[in-house]
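The chain contents come next:
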Amino acid sequence: MDPTLKSSKVSSLWGTRLSVDLAQLHDGGSAKPSFASVVTAAVDSSIPRPSVSAPTKAPGSAPDELRLLSAITPDQAAMRTMYKGFQADVLGAFGKLVAFARETNVTMEPPQIVFVGQKGVGKTSILEAILGKPLFMKKDGSYSETNRPIIVSVVYNSECSTNPKITVRRDPFMKDSTNVEVPLASLPDVLQEHNAETEMPLTIIYETADSMNVTFVDTPGLLNENDPKREQRDELVQRLIGQTSDATNRLIVCVSMAAAWPCWLHSWVRRSKTGGYQARTSNVFVESRDHFKKFTNAGEANKYLSERPTDSFFVTLPSSELIATTRDQMQQLIYQSSQLDIKMLNDLHFDKNHDKCVGTPKLISFVNSLVLRTYQQYAPLIKNHQRLIVSNITAAMQLTIKKQANLTPFKLRGTAMNYLTQFVHSIETVIQDGTLENLPPQYGTTTADEWRLLEDRGEKVWHMPGSVSADEWNIPAWSRPLFGRQQMERLLSEFRILISRTKIIPISHDEIAIAAGSLPLSDPATFLHAAFDVAQQRLPDQLTPVIKQLQDRAAHIMRAVCDLAHTSIKNPKRRVGFQRTPTASTPAVVEQELEYPFFIHWVSRKFFMFVENLVKTFAEQCANEIASTKFLLWEEAKFTGSLKGAQIEDAVNLASQAFDNMKQIVAQNIMLKCHSTFLEQPHMWGELQSSITMELTEELLNELFEVPAEQKRLEQESAELTSLKSHLDKQDAIVGPAISILTRK
């Protein structure tokens, strides 16, 4: 096909642009037609360009630029190197690492590069130049103003070796928006539809086989000083920069005009308050060729380049009037434009040490190096993670083998005995000391919590009329969460306070008369018998409900100890602290003991039955104590002589006095019996363990430990672990060389 040049007059604010066939931009030694001979439309210089921060070229300068670029011979090998920064073996190794990381749930955060600069300075063009694809350029060669953050997430995909796959993610700013896959040519139009002024970023997924994973962020341009929206835009960009403040694999690229250095950059840093980010900041100075033209000798050029900040680059992109409609055209224009900058400096005989900062290829190489270094840092982490997975699988396989060996009746009995020993020991510690070294107070219960539990069951606290306040009762440690012995002692204190506040229900004269029966009331002994008879009748009626609630709450405290014991055994620190020397009959505690809920439930049920027996014993003792109050009559016989000439009202007072005396004696004895029944039985826990042990027959052990089902499950688990281990061994043969390839570059 014969090379041709086409041009057209475009009536827009951006002036005239030319579509260029890159076959014209080479120096093959043959004669080339002048640019004027192929331009068929005059450039209308009467249309002014928009006023932006970046200086613009004079209308009609495209022919001069085209003439200069055509003098640069395109080096095809150098061009391929520029946009093939990663060799095929490196990209293949990276793909294998990504696949392994995804499979093993390892997160490799891609490096993030944030472009910041004034409106119209060329941030989007720099991003396109790095990618080597006309992503944002419209058909007329113009670019839309970036009104919102644009995130371009470059993702490696080996299947996209020919054409990239571009997906515009759901726009949170637009209603009913969804993920849309769009062709490269339609991307500018799609972005124009989403180019609303908002702080919500728009994400583009760019899948390609030519690059590792990297994320670019194109921020809205900073506005001129006199723009009314300047402060709002500055705050937005500052927030975007602040989001990258703690990341070590992120870079802020400040894009500014070459002629604006150093005033523009210093002014922007002070205004945006990003001085803390300078260590992670790179600078790209555009339109460098126009500035290089001002140099008259090598000294001026070397002085200017030597004063550049670290990691700064001077680039000149092709004029916006030269439209590159394909990837190859765009890449060739960028390459020739960079070579033209180098040629201009070579003509001045500048110091070649500054060559590494001039031209777009050097910027692309810098970005590729940043990306490669990032993933080289991940390589040893992935390798260590792989070793850890293999180690864990090996340990799991060994544990599975051990579990299978422990399913024999002899080992199961040892496992059960070991657990029971710790269970009883934990209960004994809680009952005797009221504490466990590995259980914080949060496991306890306050008095208010106990009362609330009673109210939830529809019971009144201590069957007292009205509300009861712990503050009024002055119960010791009522607001502290306690368990075990301490909680039981607080309950007894609460019971003692209640008894002291309990008064006999008022006695009527008729009750005294009925109690006296046919005996004459003139006899003092009749008053005595009548008063004590009424008091004895009142005592069971008033104390039995209170004693019953004492029994219930004591039983609840004892049952709660069971859960505390199980929790204590599950605590790793507790297991280490109590672990005894392993023997053939009593193996050390292993995780296997905690994997059999039927056995643990059976132990709990046996303990609850044991507690019920204690409660029954205590209830019988309480009933006997109340029944024994009739023997207190003869102790009060000394009152007989003082009742001569007494009236019936004196009998009522005597009954109240007898009730108070009897309730104190009964309450004191009941508290002693409660304390001794639940807290002071040193041989009780050994009896509990013995009774449980005697019931553990071989059939019961097989049932509680689910031996048949457990054997089948362990066989399946062993097969899965073996398969996974084999898969990881194969992966190691793939990941190991991949890491070597990635790290040696």
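Before reading on, note that the structure itself is shown above.
The sections below set out a description of the structure shown in this document. Worth saying up front: this structure is predicted, and the values here are computed from it rather than measured. (Residues numbered from 1 in each chain as written. Predicted model: local features only at pLDDT ≥ 70, side-chain atom pairs only at ≥ 80, totals over all residues. Heavy atoms only, no water.)

Description of the overall build of the protein
Note the following rule: Each helix is a run of DSSP H or I of at least 4 residues and each strand a run of E of at least 2, with the numbering of both proceeding from the N terminus. For every residue, the accessible area (1.4 Å probe, protein chains only) is compared with the maximum for its type, and the residue is labelled buried under 20%, exposed over 50%, or partly exposed between those bounds. We call two residues in contact whenever any of their non-hydrogen atoms come within 4.5 Å of each other. Every accessible area reported is derived by Shrake-Rupley at a probe size of 1.4 Å, with residue values counting cover from the shown protein chains alone.
Tallying secondary structure elements over the protein gives 24 helices and 12 strands in all. In the protein, buried positions account for 49% of the 745 residues. Within the protein, contacts between residues at least 6 apart in sequence are counted, and of these 82% link residues at least 24 apart. In the structure as shown, the protein presents an accessible area of about 36200 Å², 53% of it carried by carbon and sulfur atoms.

Overview of the environment of His 601
Structurally, His 601 can be placed in helix 20 (residues 597-627). Residue His 601 is classed as exposed on the basis of its relative accessible area, which comes to 52%. Sequence separation between His 601 and Leu 704 is 103 residues; the distance between their C-alpha atoms is 9.1 Å.

Quick look at the packing of helix 13 (residues 409-433) against helix 20
Rules: Orientation is described by lines fitted to C-alpha atoms, with helices fitted over the stretch in contact, and by angles between N-to-C directions that extend from 0 to 180 degrees. To sort the angles, those under 35 degrees are grouped as roughly parallel, those over 145 as roughly antiparallel, those from 65 to 115 as roughly perpendicular, and the leftovers as oblique. Crossing handedness follows the turn of the near helix against the far one: under a right angle anticlockwise gives a left-handed crossing, and clockwise gives a right-handed one. Side-chain classes follow a simple rule in which Ala, Val, Leu, Ile, Met, Phe, Trp, Tyr, Cys and Pro form the nonpolar group, Asp, Glu, Lys and Arg form the charged group, and the remainder, Gly included, forms the polar group.
In contact at an axis separation of 12 Å, helix 13 and helix 20 are set at 45° when each is read in the N-to-C sense. When the axes of helix 13 and helix 20 are compared, the pair comes out oblique. Crossing hand, helix 13 versus helix 20: right-handed. Contacts from Ala 416, Tyr 419, Leu 420, Phe 423 and Ile 427 in helix 13 reach Phe 599, Ile 600, Val 603 and Phe 607 in helix 20. Grouping the constituent residues of the contact of helix 13 with helix 20 by class yields nine nonpolar, no polar and no charged.

A few points about the pairing of strand 8 (residues 214-218)
Condition: Strand pairing follows a simple DSSP-based rule, namely that at least 2 bridges must link the two strands.
Counting buried residues along strand 8, five of its five residues qualify, which places the element largely inside the surrounding structure. The side-chain alternation of strand 8 yields two buried faces, one formed by Val 214, Phe 216 and Asp 218 and the other by Thr 215 and Val 217. Across four bridges, the pairing between strand 3 (residues 112-117) and strand 8 is parallel. Across the sheet, residue Ile 113 finds its bridge partner in strand 8, namely Phe 216.

Describing the pattern of salt bridges
Rules: The rule for a salt bridge is simple: a side-chain nitrogen of Lys or Arg has to be within 4 Å of a carboxyl oxygen of Asp or Glu.
This structure, assessed with the given rule, holds 22 salt bridges. For the salt bridge of Lys 303 with Glu 307, the shortest nitrogen-to-oxygen distance reads 2.8 Å. Classification of Lys 303 by relative accessible area gives exposed; the value is 52%. Taking the relative accessible area as the measure of exposure, Glu 307 reaches 42% and is therefore partly exposed. Residues participating in the shared-partner salt-bridge network are Glu 450, Arg 490, Glu 494 and Arg 553.

Focus: helix 16 (residues 485-501)
As a reminder of what qualifies: An expected span of 1.5 Å times one less than the residue number is assigned to each helix.
In this model helix 16 runs 25 Å from its N-terminal to its C-terminal C-alpha over 17 residues, within 8% of the 24 Å that 1.5 Å per residue would give. Of all the 17 residues making up helix 16, 12 are buried; the element is thus mostly covered by neighbouring parts of the structure.

Details of the packing of aromatic side chains
As a reminder of what qualifies: In summary, the pairing rule links any two rings of Phe, Tyr or Trp, Trp by its six-membered ring, whose centres are within 6.5 Å, and it sorts them by plane angle into stacked for under 30 degrees, edge-to-face for over 60 and tilted for everything else.
By the definition in use, this model includes 16 aromatic pairs. Between Phe 313 and Phe 366 the ring centres are 5.1 Å apart and the planes differ by 50°, which places this aromatic pair in the tilted class. Of the two residues, Phe 313 sits in strand 11 (residues 312-314) while Phe 366 sits in helix 12 (residues 360-405), which places them 53 residues apart along the sequence. An identical accessibility class is assigned to Phe 313 and Phe 366; each is buried. On the numbers, 5.7 Å between centres and 70° between planes, the contact of Tyr 419 with Phe 599 is edge-to-face. With Tyr 419 in helix 13 and Phe 599 in helix 20, this pair connects stretches of sequence that are 180 residues apart. Side by side, Tyr 419 and Phe 599 carry an identical accessibility label, which is buried. Every member of this aromatic cluster is reached through a ring pair, and the members are Phe 285, Phe 292, Phe 295, Tyr 304 and Phe 314.

Side note on the side chain of Thr 447
By the secondary structure assignment, Thr 447 is in helix 14 (residues 447-456). Ignoring sequence-local partners within four residues, the contact set of Thr 447 consists of Ile 475, Trp 478, Arg 490 and Glu 494.

Looking at the side chain of Ser 604
Tracing the backbone through its elements, the reader meets Ser 604 in helix 20. Residues within four places of Ser 604 in sequence aside, it is in contact with Cys 562 and His 566.

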